[in-house]
Amino acid sequence: MSTQYRALDGESVCEYVRRWRPEFEPDCSEEIGDGNLNLVFRVHGRANQQPSSIIVKQAVPYLRAAGEGWPLTLDRSRIEAEALELHGRLAPGLTPVVRLRDESMHLLILEDLVGHTVWRTSLVGGKHVAGIAAGIGRYCARTLLGTSHILMPSAERKALSMRFVNPDLCAISEDLVFTAPYIDAESNILDEAAIPIAEQLRRDRTLQQKASYLRFLFKTRAEAVIHGDLHTGSIMVAEDDPRVMDPEFAFFGPMGYDIGNLFANLAFARLRHELLGNDFFVAQVDEYASEFWSTFVEEVRSLWPATEPWRESFLVSLVQDSADFAAMEMIRRMVGLAHVNDIDTLPLNERFVARQRVLDSARLLTLGLPVGSAEDLWLRATRKDAL
């Protein structure tokens, strides 16, 4: 398309859809994005004489959460589209469908997942949605192994590597995940309950050294095309129908980063309900973590080629990597730019307890004895009695 780039608004997005999707007659739109990175609109209208809706997602040339003083590549829209298409082929039915890509407008039109909700919203509300953890386990196994040297032919993988060079968004992760939480960075957001642990982090030289080392691994370990920001807020859910969205951070990185992020965000949900005394849902989140990992392992074992006799060693190593990266995610969500509602919406006294518990668990995950199993990872990430 030859359209000149311009940022859309509620009115112009309808004009855009009318021009480029003539089979869809738009009536109105609403912006539904979280305001961190992109413009996201739901456009309502009619298709084939039936009520319908679509999602329009457009990149803007800066990090919205930080303002125009933090410029950001528009190419992330292309990377997101290609990651959705690639992961959609490898893990069919587990991503939203891309209806249109417009690289000149840095824009995607996606299917509207009507009837779905954000998984974090369900978790915060203590609402069980069946079949989600297993689906995400399959997604991780198929996308991570499917873009690794384990399954992907070397020539194909080298060609693909040129499509997933993502320096601007990797730089955001390198800063916000591995650097800013350990210093007095302007990007950090500190509520009253976060100030004590922020002070601890600035004094903790051992943890700072480990974070620096993990930043190096994040930058250099090109194992697979990872999602790069896989958490409960980037997964839409309906019963037995999880969909992974928002892979604009995708790049060739360490597999444990995606898995660790998922474990960390489930741990936030569990801690929330433990502190609120919701024991039934605590047990439910435990089941999610177990089901996610067991399905992931089952899928890995079914995909693993017989010519590679080191599968179990791979899984042991991946658990330790996942524990390390889970710790980084847990820490940055307490004091960094992007917090989580699981913890932020707790009453103040519980929030104080939660933030300290998260920091203590993170230290145990990444500075304790080697993590020998996913069960050990989950115990350290969630249990007070593991300290």
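Calculation notes
Residues numbered from 1 in each chain as written. Predicted model: local features only at pLDDT ≥ 70, side-chain atom pairs only at ≥ 80, totals over all residues. Heavy atoms only, no water. Phe/Tyr/Trp six-rings, centres within 6.5 Å; stacked < 30°, edge-to-face > 60°. Helix = DSSP H or I, 4+ residues; strand = E, 2+ residues; numbered from the N terminus. Buried < 20%, exposed > 50% of the residue type's maximum accessible area, 1.4 Å probe, protein only. Contact = heavy atoms within 4.5 Å. Pairing = 2+ DSSP bridges. Salt bridge = Lys/Arg side-chain N within 4 Å of Asp/Glu carboxyl O.

Caption draft 1: Molecular detail of the packing of aromatic side chains. Throughout the structure, instances matching the rule amount to 16 aromatic pairs. Centroid distance Phe218 to Phe251: 5.0 Å. Interplanar angle 55°. Geometry classified as tilted. With a gap of 33 residues between them, Phe218 in helix α8 (residues 205-220) and Phe251 in strand β10 (residues 251-253) connect regions that are remote in the sequence. Pair check on accessibility: Phe218 and Phe251 agree, each one buried. Taking the centre distance of 6.1 Å and the plane angle of 80° together, the rings of Trp310 and Phe314 count as edge-to-face. Of the residues examined, Trp310 reaches a relative accessible area of 36% and is grouped as partly exposed. Ring pairs connect the aromatic residues Phe178, Phe218, Phe251, Tyr257 and Phe325, which therefore count as one cluster.

Caption draft 2: Just the side chain of Arg355, in detail. Residue position: Arg355 is located in helix α13 (residues 348-367). Judged by relative accessible area, Arg355 falls into the buried class, the value being 0%. With residues near it in sequence (within four places) discarded, Arg355 still touches Asp191, Ala193, Ala194, Ile197, Arg333, Met334, His339, Ile343 and Asp344.

Caption draft 3: Quick look at the sheet that holds strand β9 (residues 243-244). Spatially, β6-β8-β9 is the arrangement adopted by the three strands of the open sheet, whose pairing is antiparallel. Strands at the two margins of the open sheet, each flanked by one partner only, are β6 (117-118) and β9. Here strand β8 (residues 235-237) runs beside β9; their pairing, made up of two bridges, is antiparallel. In the strand pairing of β9, Met236 is matched with Arg243.

Caption draft 4: Main features of the pattern of salt bridges. Enumeration according to the criterion identifies 34 salt bridges in this entry. Notably, a salt bridge pairs Glu223 with Arg221, separated by 3.8 Å at the nearest N-O pair. Of the residues examined, Glu223 reaches a relative accessible area of 25% and is grouped as partly exposed. Among the residues examined, Arg221 registers a relative accessible area of 24% and is labelled partly exposed. Measuring nitrogen to oxygen at the nearest pair gives 3.0 Å for the salt bridge that ties Arg380 to Asp376. Linking Arg380 with Asp376, this pair stays in helix α14 (residues 374-382), spanning four residues, or about one helical turn. On the accessibility criterion, Asp376 (22% relative accessible area) is partly exposed. When salt bridges that share partners are traced, they join Asp75, Arg78, Glu82, Glu85, Arg101, Glu103 and Arg163 into one network.

Nothing here speaks to function; it is geometry throughout.
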